[in-house]
Amino acid sequence: MALLEVKDLKVRVEEREILHGLTLTVNEGEVHAIMGPNGSGKSTLSHVIAGKPGYEVTDGQVLFKGEDLLEMEPNERAAKGVFLAFQYPVEIPGVATMNFLRTALNAQRKARGEDEYSTPDFLRKVREVSKSLNIPQDMLKRGVNVGFSGGEKKRNEVLQMALFEPSLCILDEMDSGLDIDALRIAADGVNALRSPERAMVVITHYQRLLNYIVPDVVHVMSKGRVVKSGGKELALELEASGYAQFEAA
Amino acid sequence: MNVAVAKTGKGRAVSDLFTSAEGRLPGSSAVTAVRREAFETYERLGLPHRRIEEWKYTDLRALVGEVLPLAAAPDAAVLKRAADAVKAHAMDGARKLVLVDGVFAAELSDVKALVAEAGFRTLRETLEKDAALLKTASTDAMISLNAAMATDGVVLSIADGAKLSAPIQIIHIAIASSASAFTRSLITVGKGARATIVETFVAAGAKAYQVNDAVLVSVGDDSDIAHIRLMDDAPDAMNVSSHFVTVGANVKFNFFNMTTGAAVSRLQGFITLAGEGSELSANGVNLLQKTEHGDTTLVVDHAVPNCVSREIFRAVIDDRAHSVFQGRIIVRPDAQKTDGKMMIRALLLSDEAEADNKPELEIFADDVSCGHGATAGALDDSLLFYLKARGLPEKQAQALLIQAFVGEAIEQIADDGLREHVIGIAERWLERRQ
């Protein structure tokens, strides 16, 4: 069974249709890249999968492990194993990162009927993961993302991904605002999480990110649909020829 | 509140209130004369209403309707119930002074220690000789009523140079329903002293009661004082409290008010910075739900040069509750180099919640730095979505953001233990909401 099945999805935002019947199937263990020009609906797709308010699904289905994802609250989706790494992670002053991480992890575990993590287990786990991502401990004491650089914010997203162990990771424009070094650290973190049970959907405007996170499948989106799918070489092709050929269609 | 109004009706002659209570009000004949005068002032003014500018947003005639009769003096059974409430609300390590239905309860208080450490006496004892305690410069109706009716209170004289390691906690416990308690306390702090005063207002089973409290504080030069007020009266009670604070030179005064209870409440504080080089940090949080009405009115009077005042207030307003913050900073003509700032933020959790923020600056000096800001808004949807996308259910996500919001005021409490205590109160309020 496919992990994620998006079937003929149509989505509106304030009377304007953004997705016009999008279909996408992602299996366990696969890494899919979704590329496309600005305004093609890439971020809309990620938001609808995560459950962000403000989007009206007028037709189609999104199934996750065979269950109707669109019927679930965002927190239920998270507990089921859907993780969206935000393009622009928000700053939450006054909520210490460590407190946030523990609250979120335990909320997910509780929703799944699992025991909450004990404090020592939790701390050990955070320390282990943050070390591998080059995240200093004092960053974890600060408010969530408050005063973090672009790279630190993205690393914080990867840290959460590693802690929550989702089965589907959607990375929305993870490369935006990152220099090469920051990108490499974040990408290494993501690659370390690749596993036969876990799928990833990497949304990006540029081919560059895919040098670091090499996809199994590349999809090209234009005007609210997937217009072409292929192997990783499709990304290179796009880099050379641009999106114009698809926009004309 | 409405129940009480319906039961006794608004038409009853107000002077009944005083004449029926007079036999229980302590004081010499000189004191009685002062009380009568104060009551006449109250009778002339009546309950404050919206056409009185200072009470515009808190119309007690509409919200409360009338003053309830004086609560009976507590008997043994009442004191036994109060003892359980003291156990539940006493802070670890604090010296306690307990007032039950407006009457000092020696058997529940740390009398011996506080007589030695803080010159403790009761208001009742003090009034045998001295009527001055009932006088204030104010002509406010509720303060006049307090002077007329005050049955008891605590009088503390903290000596010059005294460093009190244990906080002094004044616990007001309401047991009598549909009755009023009037208390008045005086705290005099000597020079170079250090002390922490905590006031706690709670109910032990009482319903639809009224509290009218006044606290007169005078702080000597070079002192370091923390004053925390925690008002968690019953959801159908009224609490009107008036603070008069005079601060000497080079003082650090750290004030915090927390409102989590009462159907109708008002804290009106009048703080005068009367000595140079002092720093006032006056902060507070209102956590209101259902139809609660919570008013914090604070007048900070810079009477002399070179003082700093900082005010941070946060209101969280759910359902159809109503929060009022009126903050006035006065800078007198001589008070050059005054540095006064006030920031008020209200968080509205429902469409029917209401916040009235009224910051005012009255500046008569020309070399000052003063400012204020006031905002009101809802929780940020983008933050809520982020937290929900990480697995937090709606209410829990809200709670985390509300904690952060009020945290900006709570973190102004200098003492770690007190701050944790107040954070605990906020957490319990949020749990009740879920």
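Please refer to the structure placed before this passage.
From a predicted model like this one, the values you see are computed outputs, not experimental measurements.

(A) Focus on the packing of helix H3 (residues 97-111) of chain A against helix H4 (residues 119-132) of chain A. Residue and element names in this part refer to chain A. Where H3 contacts H4, the two axes come as close as 11 Å, and the packing angle between them is 115°. With respect to H4, the element H3 is oriented roughly perpendicular. Taken as a pair, H3 and H4 cross one another with a handedness that is right-handed. Mapping the contact onto sequence places Met98, Leu101, Arg102 and Leu105 in H3 and Thr119, Phe122, Leu123 and Val126 in H4. Residue classes in the contact of H3 with H4 are distributed as six nonpolar, one polar and one charged.

(B) Spatial organisation of unusual backbone geometry. Of note in the backbone geometry, Lys223 of chain A takes a positive phi value of approximately 45° without being a glycine. Residue position: Lys223 of chain A is located in the loop between strand S11 (217-222) and strand S12 (225-230). Residue Lys223 of chain A is classed as partly exposed on the basis of its relative accessible area, which comes to 47%. A positive phi angle, close to 65°, is found at Asn306 of chain B, a residue other than glycine.

(C) The arrangement of the interface of chain A and chain B in detail. Taken together, the contact between chain A and chain B spans 30 residues of the former and 15 residues of the latter. The junction of chain A with chain B conceals about 1800 Å² of combined surface from both sides, 73% of it contributed by carbon and sulfur atoms. Considering only the side of chain A, the residues that lose the most area to chain B are Asn75, Phe86 and Val90 of chain A, jointly responsible for 27% of the buried surface there. Counting across the chain A and chain B interface gives one salt bridge. Here Glu157 of chain A makes a salt bridge to Arg390 of chain B, at a shortest N to O gap of 2.7 Å. At the level of secondary structure, the elements contributing two or more residues to the side of chain A that touches chain B comprise helix H2 (74-80), strand S6 (82-85), strand S7 (92-96), H3 and helix H6 (150-164) of chain A. Ranked by residue count, the leading element in the side of chain A that touches chain B is H3 of chain A, at six residues.

(D) Region of the structure containing the pairing of strand S11 (residues 252-259) of chain B. Residues and elements named next belong to chain B. Buried residues dominate S11, accounting for seven of its eight residues. Relative to S11, strand S9 (residues 224-232) is paired through eight bridges, and the arrangement is parallel. The residue bridging Ile225 from the neighbouring strand is Phe253, located in S11. Where S11 lies against strand S13 (residues 279-288), eight bridges are found, and the strand directions are parallel. When the bridges of S13 are listed, Phe253 appears paired with Leu280.

(E) The sheet that holds strand S15 (residues 308-317) of chain B, seen in detail. Residue and element names in this part refer to chain B. In space, the 10 strands of this open sheet follow the order S2-S1-S5-S7-S9-S11-S13-S15-S17-S19, with mixed pairing throughout. Looking at which strands have only one partner, the edges of the open sheet turn out to be strand S2 (103-104) and strand S19 (369-377). Sheet analysis places S15 next to strand S17 (residues 339-348), joined by 10 bridges and oriented parallel. If you follow Arg314 over to S17, its bridge partner there is Arg345. Packing of helix H10 (residues 394-410) onto the sheet brings it into contact with S11, S13, S15 and S17, and relative to S15 it is tilted by some 155°. Contacting strand S7 (194-203), S9, S11, S13 and S15, helix H11 (residues 416-433) runs over the sheet at an angle of about 15° to S9.

(F) Geometry of the packing of aromatic side chains. Applying the stated criterion to the full structure yields nine aromatic pairs over all chains. Their ring planes at 55° and their centres at 6.2 Å tell us that Phe83 of chain A and Phe164 of chain A sit as a pair that is tilted. Of this pair, Phe83 of chain A sits in strand S6 while Phe164 of chain A sits in helix H6, and the two are 81 residues apart along the sequence. When its relative accessible area of 1% is taken as the criterion, Phe83 of chain A is described as buried. What makes Phe164 of chain A buried here is its relative accessible area of 4%. Ring geometry for Phe18 of chain B against Phe39 of chain B: centres 4.8 Å apart, planes inclined by 15°, an arrangement best described as stacked. Here Phe39 of chain B lies in helix H3 (residues 29-45) and Phe18 of chain B lies in helix H2 (residues 15-21), a separation of 21 residues in the sequence. Classification of Phe39 of chain B by relative accessible area gives buried; the value is 3%. Members of the aromatic cluster, each reached through a chain of ring pairs, are Phe86 and Phe100 of chain A together with Phe385 and Tyr386 of chain B. Across the ring face of Tyr386 of chain B, the terminal group of Arg390 of chain B is positioned such that the distance to the ring centre comes to 4.8 Å.

Rules used in this analysis
Residues numbered from 1 in each chain as written. Chains lettered and ligands numbered in written order. Predicted model: local features only at pLDDT ≥ 70, side-chain atom pairs only at ≥ 80, totals over all residues. Heavy atoms only, no water. Axes fitted to C-alpha atoms, helices over the stretch in contact; angles between N-to-C directions. Helix = DSSP H or I, 4+ residues; strand = E, 2+ residues; numbered from the N terminus. Parallel < 35°, antiparallel > 145°, perpendicular 65-115°, else oblique. Left-handed = near helix turned anticlockwise from the far one by under 90°. Contact = heavy atoms within 4.5 Å. Nonpolar A, V, L, I, M, F, W, Y, C, P; charged D, E, K, R; others polar. Buried < 20%, exposed > 50% of the residue type's maximum accessible area, 1.4 Å probe, protein only. Buried area = accessible area lost by both parts, 1.4 Å probe. Salt bridge = Lys/Arg side-chain N within 4 Å of Asp/Glu carboxyl O. Pairing = 2+ DSSP bridges. Phe/Tyr/Trp six-rings, centres within 6.5 Å; stacked < 30°, edge-to-face > 60°. Lys NZ or Arg CZ within 6 Å of the ring centre and 35° of its normal.

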